[in-house]
Structures are given as C-alpha cells and as structure tokens.
Amino acid sequence: MASQLELRLPDGSIRQVAPGTTVYEVAASIGAGLAKAAVAGEIEGEVIEVSRPIEQGGAFRILTARDADALHVLRHSAAHLLAMAVLDLFPGSDLGFGPATDDGFYYDFKTPQPIVEDDLPKIEKRMKEIVKEGRAYARVAYDRAGAKVRLAEVGYDLKVPHVDEIPEDVITFYDSGAFTDMCEGPHVPDTSWIGNIKLLSVSGAYWRGDASGIPMQRVRGTAFFDKKSLKAHLERIEQAKLRDHRKIGREMDLFSLHAEGPGFPFWHPKGTVLWNELEGLLREELMARGYGEVKTPAVLSDELWRTSGHYEHFRDDMYFLDIDERSFAVKPMNCPGCCLIYGSKPHSYKELPLRMAEFGGVHRNEMSGVLHGLLRVRAFTQDDAHVYCTEDQLEAEISDMLDMTRAVYGAVGFDDVKTRLATRPENAMGDPEQWAKAEKALANALDKNGWEGLWVEAPGEGAFYGPKIEVHVTDALGRSWQCGTVQVDFSMPARFGLEYTGRDGQKHTPVMIHRAILGSMERFVGILIEHYAGKFPLWLAPVQAKVLSITEKQSEFAEQVAAQLVAAGIRAEADVRGDKVGSKIRDATLERVPYMLVVGGREAESGQVDVRTRAGDRLGTMDVAGFVAHAREEIAGRS
RNA sequence: GCUGGAGUAGCUCAGCGGUAGAGCACCUCCUUGGUAAGGAGGAGGUCGCGGGUUCAAUCCCCGCCUCCAGCUCCA
C-alpha cells in the first residue's frame, strides 16, 4: 500500500488522502457545500474532473463556478453537448474540433445536410433536453490502436489521422450516454451543469482551417454557470450591435460605402469633421515633437517596390497599373516614398534623428470576404511616421513615440492601453546583436512610459526586418483593438542605400523606425464611433450645438444665434421646422448633438438661449457669449 | 478567395407566380405648441444586375455584383 498523498490547499493547510481518492471525495471531506459546488479539481496546475482519482500530491484546489478556469471547463463540456444534439438531429455527421473559446465555445461539423440558422433553436432545444437527462461525462482511456478502432466504430473519420499527432500514449474519450468524443478533458460532472446556454451562429469553417481542405460548418454558442451572467453576456452582444459603427455612421451621416467601390469608404461632411479633428490633435503633437510633415505620391514605379522588398512579400495585396508601357503600383505602405525623400540629399549625423510624419493614404487589395465597414477596408490613411536615427538614439526616439501614444490616446478617451513587444523571429535578417540592442531599447522605452511590468513579450512575433511594439486599446465594451505600432527596421535604409556622414567623416547607414499611433484613420474613427456609441465628446462632435426654435416666430432669432456660434468657431445648426420643440429635442438627441439651445419668445426677447445637454440636463438660460465661453472651455480641454 | 445567409422607398421591414405595401424620414397645409414623437394630405420604387422558365416573374431556375456571419488575414 502506497503511503498517503499530501494535498496542499489554497489556504495553506495540508490534507492527507489515500491514493485513488477522488476529487469529489476530497471536496466532500472539506464540506458538503463545496462538494456540491465542485466543477473540477486542480492538482499541480492540471485541471481534472471531480470523479478522477488523485494519483499524486501537491498544490490542490477545487474549482467552483467562481473560477475562470471552471468556466472554460463548462464551455468545453457545452461543446460536447452541442455535438450530442447535432448527432441526434443530423445522423451521420462527422465531428471536427470543438473547443471552448474566450467567450463561449464552438464545434465544427461535417453534416449530410447543411445546418441553417433556423436549425439553431432546434439544436438548442435538443441540448436542453440532454441537460435534463443529466448525462455523465465518463472518461475512458485507450491506447493509440484502441483509439483508432473506437473512432472507426462511431464513424468519426476526420479524427483518425489526428490520433498519431497526440503526444500522450494514453488517449482519452468521454462517453455521455451513447455519445462519445475523443477528448483530453476535463469536463463538468454531467450535463445538468450546462443549463445556461445560447447558440449564436452557424457559419463556414474548414477542417483544420485549411481553405483548400474539407469545408465544415461551425456552430458557435456560449455558456455560463448562472442565468444572470448569460443574460448579461447576451445584453453585451446586443449593446455591441447598437453601437455598430456602420449603423451609427448611417444614422449620423458620417460616411457611406458603395458597391462602386467595395472597401473604399466615402467620407461625408460630418464624418470628415471627426477625421480632421483627429488630424489636428496629431499635428499639435507632431509640431511639439520636432516632426516635419511630408506627402508622397500614391502611384510609384514597380522598381521602387522591388527595391523595398514589398514586391516580393506583398505583391498579392498590391494594385498595379501601366503608364506609358511602364509598370507602376499604388502604394500599400508609405515608407519607400519617405526613403526617397531621405535619399534626395546627403545627411549629416547632426540632422539625426530626422523625423518625418505623413498622413499617408495606402491601398491594399484585401480579400473581398474580409471587408468590414471602416474596420477593414482596401484604402486607408495611416498616421505614419518614419524616423531615421542612430542605434544610440533608438531608445530616446521610441520613448518619445510611446509618450506621444499615451498623450493621443488619453486625449481621445482611451485610458486602458496595453502593449506587447514582438521579438526576433526565426527568419530574422541582420545581426542578432543589433536585434538584442533594439529589443532592449524597446523594452526600456516601455518601462519608462508607464508600462513597467505591464507589457507582455511576444517571442518570435517580430517582423523579419526588426522587432516591434504593438499598442492595443480597450474600448467601452472591454474589447481590445490593435492600433499603434512602433517598428525598428534594420533592412530598408540599406536597401535604399541611405546614409549619413558621421562625426568620423565616414558614411553610415541610419536605423529607421516606423510608427503609427492611430494606425488607420478609417479604422480608428470606426473604433471611436463604437467606443462612444456616437456620443462624441464636444471637441469631436460633428454638430456641437443645435438651436431649436419653439415657434416660427423665433426662426430668425434661431438662425442668428446659429450664425453667431459658427462665427465663434462652434459647429452649430438651427432647427426651425414647424414641429413642436419636444419633437426637435427628440431628433437632436437621436442625432447625438451634445448641446441643444432652446429659443422661445422669452429668449428672443432677452437675446438669450436655454441650454440643455444631450443627456437631458438643463444648464439654464444664458446669453450666447456665455454659452460660447462654456463650449470653448470644454472643447479646449477635449473633455 | 471559400462556406452559409441576405439584397423590396432615404431608413427599418411586410408581401413571395397575376406587374408593389406599412411605420419613420421627406414635401405641403392646418396647428404656434416651453424641454424625447400634434394633425391632415402628398410625393417617392426598372423589387441589386443580366439571362432563362412561364400566358404572366419582386416571387421559380442559372450566372454576376454587393452586403452580412464566419474561415483566413490584418491597420
């Protein structure tokens, strides 16, 4: 008989158990309530189901519905539950993979008939029936040969080749009634745990993500331990739909998209206001930080793109055209153009760092299926900049870029900014020592700009020409978007033969840093629309104030006030329609106009306005100059 | 690009073999009303585009375009 195992519980206490004691039994020995709440156990970092016997000692804890890891287990079990229902309703289906994801789960199926959206309620109903049955998840172990036999028995042909790719020699299946699935586990004790589920979509996928491979259908859903969390999650999804920038863009008349130019957005006057305000913010920063602004052509000769390496790496995404029997390409990036500017004259080390910024419009032939409103387009404008400097200047330059990033994001209302440092990949070019220095410079700059201990490293994810920092912002719904980037480039200056004369009188090759803060103007405006749900802060609002007349007797006065505001630099309109003021307030609110200035007989008489906010707050009656002062202060503070 | 779904008035949508409907928005008139919808009337559509089937197609079939959800990719 083996000696007792020692389990170290989270509270630090030690519990002795006999080998083979199950997680459930341990939980029960601690308390009946805990046993009932136990979703799974964790021993030395490995999550196992409650029915598993414990074979080793070490750090041990019981996972309950409160643990994030437990939710993952629940969702994985929900994926199995989905497969059970689909196999019942679509006999003869083959199974792909069915993992838990960050916000739910999915399962890929190869079905005899396609699953359509109308099938989702039926599948969900069947899932709920199986939930009531309380089918156990029973772990069964096989060896490699046995696993293949078992898969063949149940007709899961797709998974057979996968058996040989599993590193472990013990291959587990989970049986739930007549259903079985080859799976590493772990699972919740039985299906009765999975009552709070919702199927969300059915869509295409490929066996192992290979577009030339077997087409499958992916059913996605989500699951929670309690009804309240599920409801909250579904409400968040609804919220996101209400904030969809494509919907708000139409409602607020900001931009449009047309079949005549798929992926090429059209900016309307009100949308262009947002764009220009963002550009203005960036220009203030550029000026303060010693950048010069440049503009480079959209169409450049083919040879340039061969020199830069884009032709080789990026050709499929580029648009080409012939002019006078010479081949040209529409620029997919701004850097080569900037390099031509640098190379247009000799440089001294005294000029470095040389900083050039460009709001550069680029075109990329993205696959038609990926286009999505402003968030994924074929023509976009990067708030680009290229800095040529020496290796010794890298850290200070990068640091300033990160400082600018913080300043800009703070001004537009993103306070939760996360960073990743992508380091040297396998196919890196250049001197490893140089890479190490650049990575160190990036890391130091992150530490100095408030990300000390907060940035994460992404090993091997750097570009082949240099390491980079990715900057992600978190929006009001908690979604993360990659926007900014800072990339060190050891390759391009040499490709273009760029040089500067050093203090030593010798020619040297500068290092180049590419950076963008918003990334793409189009995409960033899209993100901002969703972040604010169209309710922009005053400085960004396309219409900042609307003057609403109460009767037609005040039409002229209302127009006058609007004109005074416009003259004072406030974006204002007058609404002098024959409708009631309540109706005008409703419309202005739906248009998300920050300030409504109501003018009736009393105001026309005294030359004042009665100010109301979009949120419904009454600021009282004031004269026009008073409102202008109030608005100007708010605009200046970008609050 | 691939898989599935969808394209009807400016917007949201109904109609689904007998050549078009609602609400909101728009225009006109009545009303002159004080902080989220006053009333009446009017105008507005090659039913995404091109073929086919049919006595007859918005509706059925085929092709194309665009959009949507994903795959994949990315700013």
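The shown structure was predicted, so the numbers you read here are calculated from the model rather than taken from an experiment.

Rules used throughout
- Residues numbered from 1 in each chain as written.
- Chains lettered and ligands numbered in written order.
- Predicted model: local features only at pLDDT ≥ 70, side-chain atom pairs only at ≥ 80, totals over all residues.
- Heavy atoms only, no water.
- Helix = DSSP H or I, 4+ residues; strand = E, 2+ residues; numbered from the N terminus.
- Buried < 20%, exposed > 50% of the residue type's maximum accessible area, 1.4 Å probe, protein only.
- Contact = heavy atoms within 4.5 Å.
- Areas by Shrake-Rupley, 256 points an atom, 1.4 Å probe, with all protein chains shown as cover.
- Lys, Arg positive; Asp, Glu negative; His and termini not counted.
- Charge placed at Lys NZ, Arg CZ, Asp CG, Glu CD.
- Pairing = 2+ DSSP bridges.
- 1 Å grid on protein atoms, 1.4 Å probe; cavity = no way out; pocket = protein on both sides within 12 Å on 5 of 7 lines; lining within 4 Å.
- Points joined across faces, edges and corners; volume = space filled by probe spheres on them.
- Nonpolar A, V, L, I, M, F, W, Y, C, P; charged D, E, K, R; others polar.
- Salt bridge = Lys/Arg side-chain N within 4 Å of Asp/Glu carboxyl O.
- Near = heavy atom within 4 Å.
- Polar contact = N/O pair within 3.5 Å; in protein donor to acceptor, adjacent residues only side chain to side chain.
- Phe/Tyr/Trp six-rings, centres within 6.5 Å; stacked < 30°, edge-to-face > 60°.

S.K.: Just to check I follow, could you spell out the overall build of chain A for this structure?
M.R.: Broken down by element type, chain A carries 19 helices and 32 strands. Projected onto its principal axes, the C-alpha coordinates of chain A cover approximately 90 × 75 × 55 Å. Among the 639 residues that make up chain A, the fraction classed as buried is 51%. Contacts spanning at least 24 positions in sequence make up 68% of the contacts within chain A whose residues lie at least 6 apart. As displayed, chain A has an accessible area near 29,700 Å², and 51% of this comes from carbon and sulfur atoms. Taken as two groups, the 75 positive and 96 negative side-chain charges of chain A have centres that lie 4 Å from each other.

S.K.: What is the right way to read the pairing of strand β10 (residues 179–182) from this model?
M.R.: Working note: regular strand, side chains alternate between the two faces of the sheet. Of the two faces of β10, the one lined by Phe179 and Asp181 and the one lined by Thr180 and Met182 are each fully buried. Inspection of the sheet shows strand β9 (residues 171–176) paired to β10 by four bridges, in the antiparallel sense. Within β10, the position partnered with aspartate 175 by the bridge is threonine 180. Counting the residues between successive antiparallel strands, the hairpin from β9 to β10 contains two residues, one of them, glycine 177, with a positive phi of roughly 65°.

S.K.: In this structure, what is going on with empty space enclosed by the protein? I would like to understand it.
M.R.: A water-sized probe rolled over the atoms picks out the places where empty space is left. One pass over the structure, following the stated rule, counts one cavity of 30 Å³ or more. Here the largest cavity defines a volume of roughly 40 Å³. The set of elements that each furnish at least two residues to the lining of the largest cavity consists of α8 (269–288), β19 (354–363) and β20 (379–389). Considering every element that reaches the lining of the largest cavity, the biggest residue donor is β19, with three residues. For the lining of the largest cavity, the per-class residue count stands at five nonpolar, no polar and four charged.

S.K.: Honestly, the pattern of salt bridges in this entry has me stumped. Any pointers?
M.R.: Think of it this way: side chains of opposite charge can pair up when their charged atoms draw near. The tally for this structure, following the rule as stated, stands at 46 salt bridges. For arginine 144, the salt bridge goes to aspartate 169, with nearest N and O atoms at 3.2 Å. With arginine 144 in helix α5 (residues 144–154) and aspartate 169 in the loop between α5 and β9, the pair connects residues that are 25 residues apart, well separated along the chain. A residue is classified by how much of its surface remains accessible, and aspartate 169, at 58% relative accessible area, is exposed.

S.K.: Is there a simple way to think about the protein's contact with RNA strand B in this case?
M.R.: In the region of RNA strand B, 47 residues are neighbours, and Tyr206, Arg376, Thr551, Arg586 and Asp610 sit closest. Here RNA strand B approaches the protein such that, of its atoms within 4 Å, sugar and phosphate make up 46%. At 3.3 Å from a base nitrogen of RNA strand B is found a side-chain nitrogen or oxygen belonging to glutamate 366. The side chain of arginine 523 places a nitrogen or oxygen atom 3.0 Å from a sugar or linking oxygen of RNA strand B. Of all the secondary structure elements, the ones that give two or more residues to the surface near RNA strand B are β11 (196–206), β12 (215–224), α7 (245–251), β24 (480–489), α17 (581–590), α18 (601–606) and β31 (608–613). Element by element, the count of residues in the surface near RNA strand B is highest for α17, at six residues.

S.K.: Even after reading the chapter, I still don't get the packing of aromatic side chains, so can you show me in this structure?
M.R.: Where two aromatic rings form a pair, the distance of their centres and the angle of their planes describe that pair. By the definition in use, this model includes 15 aromatic pairs. A centroid spacing of 5.2 Å and a plane angle of 10° characterise the contact between phenylalanine 97 and tryptophan 207, whose relative ring orientation is stacked. Here the residue phenylalanine 97 occupies a position in the loop between β6 (94–95) and β7 (105–110), and tryptophan 207 occupies one in the loop between β11 and β12, the gap between them amounting to 110 residues. Accessibility expressed as a relative area gives 13% for tryptophan 207, which makes it buried.

S.K.: How should unusual backbone geometry be read in this particular structure?
M.R.: With glycine set apart, most residues show a phi of negative sign, and most peptide bonds adopt trans. Cis geometry is adopted by the peptide bond preceding proline 353, which originates at leucine 352 and carries an omega value of -5°. Counting through the fold element by element, proline 353 comes out in the loop between α11 (335–342) and β19. Residue arginine 638 is not a glycine yet carries a positive backbone phi of 45°. Along the chain, arginine 638 turns up in the segment after α19 (624–636). Under the relative-accessibility criterion, arginine 638 is labelled partly exposed at 22%.

S.K.: Please explain the side chain of lysine 159 as it appears in this structure.
M.R.: Within the secondary structure, lysine 159 is located in the loop between α5 and β9. Take lysine 159: its relative accessible area is 3%, and that puts it in the buried class. Of the polar contacts made by the side chain of lysine 159, one reaches the side chain of aspartate 181; its length is 2.6 Å. Contacts of lysine 159, omitting those with residues within four sequence positions, involve Leu95, Gly96, Tyr107, Leu151, Asp181 and Met182.

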